[in-house]
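# Chains, contacts and geometry: an overview
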Amino acid sequence: MQTRTLGKQGLTASAIGYGAMGTAIGYGPSDDTESITAIRRAHELGVTHFDTAEMYGWGTGEKLLGRALAPIRDEVTIATKFGFTSTFGQDSRPEHVREVVEASLRNLGVDSIDVLYQHMPDPNVPIEDVVAVMKEFVDAGKVKYLGLSNAGEETIRRAHAVHPISVLQHEYSVFTHEIEPLFPVLEELGIGFVAYSPLARGFLSTAVTSRDHYDANDFRHRIGWWKPEYFDANLAIVGELTELAASKGVSLPQLAIAWLLAQKDYIVPIPGSRNAGRVEQNMSAADVTLTAADLARIAEIAPDGGLGGRRS
């Protein structure tokens, strides 16, 4: 698999990475053995960048990823995030950040974290203070590169002035384009981009057929794409995209990931799956080439993304 450069500080990653959220939370019951098999299969296929967070099971996701990657630690980059509380409030106070990062190092079983993100801006803590404490870990050799997640232009600029930010992480897919106005800022500052939920929380996975298919605790019930007034229209969009994918001899997930790779050469999508077979399908998107006509057709089918927005 080809590699891509994220930022100007030396961070590189496989063109497609692996997002580990689903191994711990959000997408129904999980099986650790199955998840570890999927993670290691991703590496066998050329994936070198793996993404997790404290919030993904409050340490259990980090521990699982750490176990999965332990035999190949020196061949991969591991990213994790801080900033939430167990009640899903925000807490980026310096003393809390220090506690969380030290815990993440222990959970992952590593001497250093390759990419450390603030999961979301904390309105109660100036970003300058947050990045200053993140920089402490860089200076101590416990973190290599800094990132931000779900941040806007002002936050990015203020953070970058304290210490270079290598990568911004945000949701981006055929179904959600809200991040695109920030691309000129990233290019100006030399910041890479990691796209999470590249398959639109599963809506672009071909598995979505009915709203009743999901467990009552599945967080997708709270996302606008699944609302009754939008669901059928979004399924119709998926149908047209699936037809386009079939005309090219690829699957819908492969089309969706290839679309992201075609947008900018500094974008790394991080699809996640607990199933090794689906991992193989996702990663083969790196070999899919979309023509200008293909991209124009996708824009025609979903000019504003999925109907209903990211959340209800």
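Here the structure is shown first, and the text comes after it.
Presented here is an overview of the structure given in this document. Keep in mind that what you see is a predicted model, and the values were worked out from it rather than measured.

### Description of the sheet that holds strand β7 (residues 143-149)
With parallel pairing, the eight strands of this open sheet are ordered in space as β3-β4-β5-β6-β7-β8-β9-β10. In this open sheet, the two strands that pair with only one neighbour each are β3 (18-19) and β10 (267-269). Direction of pairing for strand β8 (residues 167-171) relative to strand β9 (residues 192-196): parallel, over a ladder of five bridges. Bridge assignment links V167 to a residue of β9, and that residue is G192.

### A short note on the pairing of strand β5 (residues 77-82)
By the criterion of burial, β5 is predominantly enclosed, with six of the six residues buried. Side chains T77, A79 and K81 of β5 all project onto a buried face; the interleaved residues I78, T80 and F82 project onto the opposite face, where all are buried too. For the segment spanning strand β4 (residues 49-51), helix α2 (residues 60-69) and β5, crossover handedness is right-handed. A crossover links β5 with its parallel partner strand β6 (residues 113-118), the connecting element being helix α3 (residues 94-108), and its sense is right-handed.

### A short note on the packing of aromatic side chains
Tallied over the full model, the rule gives ten aromatic pairs. Geometrically, the ring pair formed by Y18 and F50 is tilted, given 5.9 Å between the ring centres and 40° between the ring planes. A residue pair is termed long-range when its members are at least 10 positions apart, and Y18 in strand β3 and F50 in strand β4 qualify at 32 residues. Neither Y18 nor F50 differs from the other in exposure class; each is buried. Their ring planes at 75° and their centres at 5.5 Å tell us that Y172 and F183 sit as a pair that is edge-to-face. In this pair, Y172 is assigned in the loop between β8 and α6 (183-189) and F183 in helix α6, connecting sequence segments eleven residues apart. Overall, Y172 belongs to the buried group, its relative accessible area being 0%. For F183, a relative accessible area of 5% puts it in the buried group. Each residue in the set Y172, F183, F193, W259 and Y266 is aromatic and connected to the rest through ring pairs, giving one cluster.

### What to know about the pattern of salt bridges
Summed over all chains, the structure comprises 21 salt bridges. Across the salt bridge formed by R67 and D32, the nearest N and O atoms sit 3.7 Å from each other. Separated by 35 residues along the polypeptide, R67 in helix α2 and D32 in helix α1 (residues 32-44) bring together distant segments of the chain. When its relative accessible area of 43% is taken as the criterion, R67 is described as partly exposed. Between R158 and E154 there is a salt bridge, with the nearest N and O atoms lying 3.5 Å from each other. Taken together, the residues span about one helical turn, with R158 and E154 both in helix α5 (residues 153-162) at a distance of four residues. Overall, the relative accessible area of 56% leaves E154 in the exposed class. Shared partners join several salt bridges into a network, and the residues in it are R41, E44 and E280.

### A short note on the nonpolar core
Of all hydrophobic cores here, the largest spans 86 residues; its most connected members are Y18, L168, F193 and L204. It is helix α8 (residues 252-263) that provides the largest number of residues to this core, a total of eight residues. If we skip the residues at most four places from it in the chain, L204 touches S173, V174, F175, P198, L199, V238, L241, L252, P253 and A256. Counting twelve residues, the second largest nonpolar core, distinct from the first, contains V115, Y117, V194 and V268.

Conventions used here
Residues numbered from 1 in each chain as written. Predicted model: local features only at pLDDT ≥ 70, side-chain atom pairs only at ≥ 80, totals over all residues. Heavy atoms only, no water. Pairing = 2+ DSSP bridges. Helix = DSSP H or I, 4+ residues; strand = E, 2+ residues; numbered from the N terminus. Buried < 20%, exposed > 50% of the residue type's maximum accessible area, 1.4 Å probe, protein only. Right-handed = clockwise from strand over helix to strand, strands pointing away. Phe/Tyr/Trp six-rings, centres within 6.5 Å; stacked < 30°, edge-to-face > 60°. Salt bridge = Lys/Arg side-chain N within 4 Å of Asp/Glu carboxyl O. Core = buried A, V, L, I, M, F, W, Y, C linked by side-chain atoms within 4.5 Å. Contact = heavy atoms within 4.5 Å.

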